[in-house]
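Letter by letter, the chains look like this.
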Amino acid sequence: GFTTLNLTGSTDAIDLSDNSFTLTTLDLSAGTLSGTGTTTVTSAFTFSGAVLNSNLITGAVASTDLAHVSTVTISSGTWTNNGVVDWDGASGDDFVVNGIFINASNGDFNIQTTNVNQNIRGTGLFDNQGDIFKTSGIGTHIDITTFDNDGTVNVQSGALLVNTDGTDNGNYIITGGATLDIGA
């Protein structure tokens, strides 16, 4: 088997079919990863400017670097995060979820974007069972078809606008002059 997969060319495409793999490192900087199998990443995952059309699990000790330079898309399939996702994209670098993103109960999703034009958007489901931290930047919009929150959303800096439908049994913490705006 192999432990590292790099998909870095804009026309690169890998179809896993129904195969499942465990990788130490996955770099999806461009192109498309597809298939009905599941890829498990145990250490490092870079997701920037690529499309995920497959199932993905990031492990409890995995760290994910999300969207340094362009929009990333879950077109279909499910990404389950059990580790730490750091989203620190530039203006207009959206996280598009047309499939399913699950921030599991032991997962952290850190919004560290620095501009006002950052969006989590799409026609899919963002399911937060863990912790979301908004720690820097001016503003971020969660404007996805469904946002379910059974975890904790902690807004420490800037503004977080949640403009979506879904279920909410979670907690919200707003500190240090930060703002949270919930509307649907």
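Model, not experiment: these values are computed from the prediction.

Draft legend 1. Structural context of the overall build of the protein chain. If you tally the helices and strands in the protein chain, you get zero helices and 19 strands. Whereas a compact globule of 184 residues would reach a radius of gyration of roughly 16 Å, the protein chain reaches 15 Å, a difference of no more than 12%. A principal-axis box enclosing the C-alpha atoms of the protein chain has dimensions of 50 × 30 × 30 Å. A buried classification covers 44% of the 184 residues belonging to the protein chain. For the protein chain, long-range pairs separated by at least 24 residues make up 26% of all intrachain contacts whose partners lie at least 6 apart in sequence. Surface accessibility of the protein chain: about 7400 Å² in total, with carbon and sulfur atoms responsible for 47%.

Draft legend 2. Summary view of the packing of aromatic side chains. Tallied over the full model, the rule gives twelve aromatic pairs. Arranged with centres 5.3 Å apart and planes meeting at 80 degrees, the rings of F45 and W79 form a pair that is edge-to-face. Of this pair, F45 sits in strand β4 (residues 32–47) while W79 sits in strand β8 (residues 78–81); the two residues are 34 residues apart in sequence, bridging distant segments of the chain. For the pair shown, F45 and W79 are each scored as buried. With a centroid separation of 4.9 Å and an interplanar angle of 45 degrees, the aromatic rings of F101 and F126 are classed as tilted. Here F101, found in strand β11 (residues 100–103), pairs with F126, found in strand β13 (residues 118–128); they are 25 residues apart in sequence, far enough to count as distant. Each member of the pair F101 and F126 is classed as buried. These aromatic residues form a ring-pair network of at least three members: F45, F47, W79, W87, F95, F101, F109, F126 and F147.

Draft legend 3. Structural detail: the side chain of N110. Mapping N110 onto the fold places it in strand β12 (residues 108–111). Of the residues examined, N110 reaches a relative accessible area of 12% and is grouped as buried. Residues within four places of N110 in sequence aside, it is in contact with V84, V85, D86, W87 and F133.

Draft legend 4. Examining unusual backbone geometry more closely. With a phi close to 50 degrees, S17 is a non-glycine residue in the positive phi region. Within the fold, S17 resides in the loop between β2 (13–15) and β3 (21–28). Judged by relative accessible area, S17 falls into the partly exposed class, the value being 37%.

Draft legend 5. Quick look at the pattern of salt bridges. Evaluation of the coordinates by the stated rule reveals one salt bridge. Here D94 and R121 are joined by a salt bridge, their closest N and O atoms 2.6 Å apart. Residue D94 is located in the loop between β9 (84–87) and β10 (95–97), and its partner R121 is located in strand β13; the two are separated by 27 residues in the primary sequence.

Draft legend 6. Highlighting the environment of G31. Mapped onto the elements, G31 comes out in the loop between β3 and β4. In contact with G31, other than residues within four places in its own chain, are L7, G9, S10, D12, G49, A50 and V51.

Draft legend 7. Main features of the nonpolar core. Ranked by size, the top nonpolar core spans 35 residues in total, and within it F47, W79, F95 and F109 carry the most contacts. Looking at this core element by element, the count peaks at four residues for β4.

Draft legend 8. Structural view of the pairing of β13. As judged from the two bridges shared by β10 and β13, these two strands associate in the parallel manner. Residue V96 lies in a different strand from β13, and its bridge partner there is R121. As paired elements, β11 and β13 share four bridges and run parallel to each other. Across the sheet, the residue bridging to N103 is N128, located in β13.

Draft legend 9. The arrangement of the environment of T22 in detail. Locating T22 in the fold gives a position in strand β3. Considered as a pair, T22 and I182 are 160 residues apart in the sequence and their alpha carbons are 38 Å apart. Ignoring sequence-local partners within four residues, the contact set of T22 consists of F2, T40 and T42.

Rules behind the numbers
Residues numbered from 1 in each chain as written. Predicted model: local features only at pLDDT ≥ 70, side-chain atom pairs only at ≥ 80, totals over all residues. Heavy atoms only, no water. Helix = DSSP H or I, 4+ residues; strand = E, 2+ residues; numbered from the N terminus. Rg over C-alpha atoms; globule rule 2.2 N^0.38 Å. Buried < 20%, exposed > 50% of the residue type's maximum accessible area, 1.4 Å probe, protein only. Contact = heavy atoms within 4.5 Å. Areas by Shrake-Rupley, 256 points an atom, 1.4 Å probe, with all protein chains shown as cover. Phe/Tyr/Trp six-rings, centres within 6.5 Å; stacked < 30°, edge-to-face > 60°. Salt bridge = Lys/Arg side-chain N within 4 Å of Asp/Glu carboxyl O. Core = buried A, V, L, I, M, F, W, Y, C linked by side-chain atoms within 4.5 Å. Pairing = 2+ DSSP bridges.

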